[in-house]
Amino acid sequence: MKLIFEKSAPGRTWVTFPECDVPTEAQIPDRFRRGEPPELPELSELDVVRHFTALSRRNFGVDTNFYPLGSCTMKYNPKCCEEVARYEGFSGLHPLLPQLRLGGMLTQGALQVVYETERLLSEIVGMAEVTMQPLAGAHGELTGAMIIAAYHRAKGNRKTKVIVPDSGHGTNPASAAIAGYRVVSVPSNDRGIMDLDAFGAALDDEVAALMLTSPNTLGLFNPHIPEIAKMIHEVDGLMYCDGANLNATMGKCRPGDIGFDIVHINLHKTFAAPHGGGGPGAGPVGVVKKLSEFLPISLVIKRNDGTYALQYDRPSSVGYIAPFYGNFEVILKTYVYIRLLGREGLIEASEHAVLNANYMMEKLKPFYHFPYGRCMHECILSAEKQLEHGVRALDIAKGLIDRGFHPPTIYFPLIVKEAMMIEPTETESRETLDAFIEAMIELARIAESDPEALHQAPTTTPVSRLDEVAAARNMDLGI
Ligand SMILES: *Cc1c(COP(=O)(O)O)cnc(C)c1O
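*Asks:* Would you mind going over the domain arrangement of the protein with me for this structure?
*Replies:* Note: interface size is frequently given as the accessible area lost on complex formation between the parts. On domain assignment, one finds that the protein holds domain 1 (80-340) and domain 2 (343-464). Counting residues at the interface gives 26 residues for domain 1, matched by 22 residues for domain 2. Summing both sides of the interface, domain 1 and domain 2 together bury roughly 1,800 Å²; the carbon and sulfur share of this comes to 63%. Taken together, the links from domain 1 to domain 2 amount to 1 salt bridge. Here Lys252 makes a salt bridge to Glu351, at a shortest N to O gap of 2.5 Å. Our enumeration of links across domain 1 and domain 2 arrives at 5 residue pairs in polar contact (both at pLDDT 80 or more). A class-by-class count of the residues in the side of domain 1 that touches domain 2 yields 11 nonpolar, 11 polar and 4 charged.

Take a look at the structure:
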């Protein structure tokens, strides 16, 4: 497809403005004026409409196709959440509007949304208080790690290490390291969960915290969490829960009830904000009572007279971690989603997320190798059986593209050979799951009968198989 600049024809326009009847000279000082007019594409309106419509049809998203990208929860988000976020009373707000008096009436509703969402999330994760500030999951982790550091500093604890199991999300070690800790990795056992003996061996007085992704990146829930929490608390360490994938356990099990001290959740995965393309997201962090004083500012409080206000007065706070009040519109969509589903609906969402992943695993078991047992919200398979025929996870992923599906996450987690991580999410119908399963079975058959065909895939897309290394080094966005 040609670039819009390449379609330009000199003199072709789509709109003509009337002659300017006021002096235009000398409005912009000369030093700010460029000599030549900019070279902009010249096209008719129809050319422009066709160009951008054609581009938009190359888009792949949840609104067009099934998108089982493991760990990313690419689920459908109800459009009514988007609609409320667009209400002018919310979208037109300026962050510097006064909270009370003067323009106060304009912001009380927004403050109430933040306050009530904070209360609802505290209830959902079983924590005393939640900061709504962090702008992404990884940002929530960093905030949590800063809170961990503040806690130990205040107690005069000498702590240098954070333990992260090898089945943790890739951002966990990065967050702990940025907060100044040395990261100690603990292996998983053959059931795919953190090896308890190895954890015990790594534990000493210098351990500030354990960061546990729950469920972990193999889609498994660790049943020993209360025991692990007891061990870490004995050295005055803290239990951090990476709860980005809370849609697996929401309403079933609260991190605060099983021994965690801190948890971050991803509003853009578990609740209702579209995910992908780098944001916007939100990664609120909940803490137990003993850590409340360290939360970032500002927080929204409800006064005795029923009004809402921002609170900055927290002397032990880790300070600002984001401008203003977090990603307000993402918080708002979460609020609408929670109110829409209610308690029973949230529980049902988790049940469906887990049911769908297990359904997929059971149906695909005769054709692919699944290294672990029953899963939570996502299942991990290994394409090692297919590798015997020279077909890799990558080839199967490309074959799925030809069949109209977004591939699952591949080659992650690193601890599974030829990994494919399928997260169907709770919003897909049985028919969609079955269609995907059928495509996967067909690909397993082709892997045996005609492996070369899969090395060519995809063949139906505007861009076929890329040399990925060359593509990264020599980027050409014009094709
Ligand atoms: C997605 C994810 C993160 C990171 O969240 P971002 O919003 O992408 O920064 C962290 N942990 C887990 C388990 C995740 O799935």
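*Asks:* Help me understand the side chain of Lys75 in this model?
*Replies:* Mapped onto the elements of the fold, Lys75 is located in the loop between helix 1 (45-57) and helix 2 (79-85). Discounting chain neighbours no more than four positions away, the residues touching Lys75 are Val62, Lys269, Thr270, Phe271, Tyr337, Thr425, Glu426 and Thr427.

*Asks:* Sorry, what's going on with the packing of helix 5 (residues 137-155) against helix 6 (residues 171-178) here?
*Replies:* The description of two packed helices rests on the angle between their axes and on the distance between the axes. Two numbers describe how helix 5 lies on helix 6: the axes approach to 8 Å, and their chain directions differ by 40 degrees. In this view, helix 5 runs oblique relative to helix 6, as classed from their interaxial angle. Between helix 5 and helix 6 lies a crossing whose hand is right-handed. Within the contact between the two elements, helix 5 uses Ala138, Glu141, Leu142 and Ala145 and helix 6 uses Thr171, Asn172, Ser175, Ala176 and Ile178. Within the contact of helix 5 with helix 6, the residues separate by chemical class into 5 nonpolar, 3 polar and 1 charged.

*Asks:* How do you make sense of the sheet that holds strand 7 (residues 285-287) when you look at a structure like this?
*Replies:* Strand pairing in a sheet takes place through backbone hydrogen bonds and is either antiparallel or parallel in direction. One open sheet accounts for 7 strands, arranged 1-7-6-5-4-2-3; its pairing is mixed. Across the chains shown, the open sheet's two edge strands, defined by having one partner strand only, are strand 1 (129-131) and strand 3 (182-186). Taking each pair of neighbouring strands and ignoring which way they run, the sheet shows an average axis angle of 25 degrees. Sheet analysis places strand 2 (residues 161-165) next to strand 4 (residues 207-213), joined by 3 bridges and oriented parallel. Looking at strand 4, one finds that Ile163 is bridged to Leu210. The sheet strands contacting helix 6 are strand 2, strand 3, strand 4 and strand 5 (238-243), and the helix crosses strand 4 at an angle near 155 degrees. Strands in contact with helix 8 (residues 225-234) are strand 4 and strand 5; relative to strand 5, the strand with the most contacts, it is inclined by about 140 degrees.

*Asks:* Sorry if this is basic, but what is going on with the pairing of strand 9 (residues 308-311) here?
*Replies:* With 4 bridges connecting them, strand 8 (residues 299-302) and strand 9 associate as antiparallel partners. Among the inter-strand pairings, Leu299 is bridged to a residue of strand 9, identified as Gln311. If you look at the hairpin formed by strand 8 and strand 9, you'll find 5 residues sitting between the two strands, and Gly306 has a positive phi there, around 90 degrees.

*Asks:* I keep staring at the pattern of salt bridges and nothing clicks. Help me out?
*Replies:* Any two side chains of opposite charge can pair, so long as their charged atoms come close to each other. Tallied over the full model, the rule gives 21 salt bridges. The partner of Lys333 in a salt bridge is Glu82, with the nearest N and O atoms 3.3 Å apart. With a gap of 251 residues between them, Lys333 in helix 10 (residues 328-364) and Glu82 in helix 2 connect regions that are remote in the sequence. With respect to burial, Lys333 and Glu82 carry one shared label: buried. Between Arg119 and Glu118 there is a salt bridge, and its shortest N-O distance comes to 2.9 Å. Relative accessible area serves as the criterion here: at 34%, Arg119 is assigned to the partly exposed category. Take Glu118: its relative accessible area is 7%, and that puts it in the buried class. Members of the salt-bridge network, linked through shared partners, are Glu82, Arg86 and Lys333.

Conventions and cut-offs
- Residues numbered from 1 in each chain as written.
- Predicted model: local features only at pLDDT ≥ 70, side-chain atom pairs only at ≥ 80, totals over all residues.
- Heavy atoms only, no water.
- Domains from an automatic or database assignment.
- Contact = heavy atoms within 4.5 Å.
- Buried area = accessible area lost by both parts, 1.4 Å probe.
- Salt bridge = Lys/Arg side-chain N within 4 Å of Asp/Glu carboxyl O.
- Polar contact = N/O pair within 3.5 Å; in protein donor to acceptor, adjacent residues only side chain to side chain.
- Nonpolar A, V, L, I, M, F, W, Y, C, P; charged D, E, K, R; others polar.
- Helix = DSSP H or I, 4+ residues; strand = E, 2+ residues; numbered from the N terminus.
- Axes fitted to C-alpha atoms, helices over the stretch in contact; angles between N-to-C directions.
- Parallel < 35°, antiparallel > 145°, perpendicular 65-115°, else oblique.
- Left-handed = near helix turned anticlockwise from the far one by under 90°.
- Pairing = 2+ DSSP bridges.
- Buried < 20%, exposed > 50% of the residue type's maximum accessible area, 1.4 Å probe, protein only.

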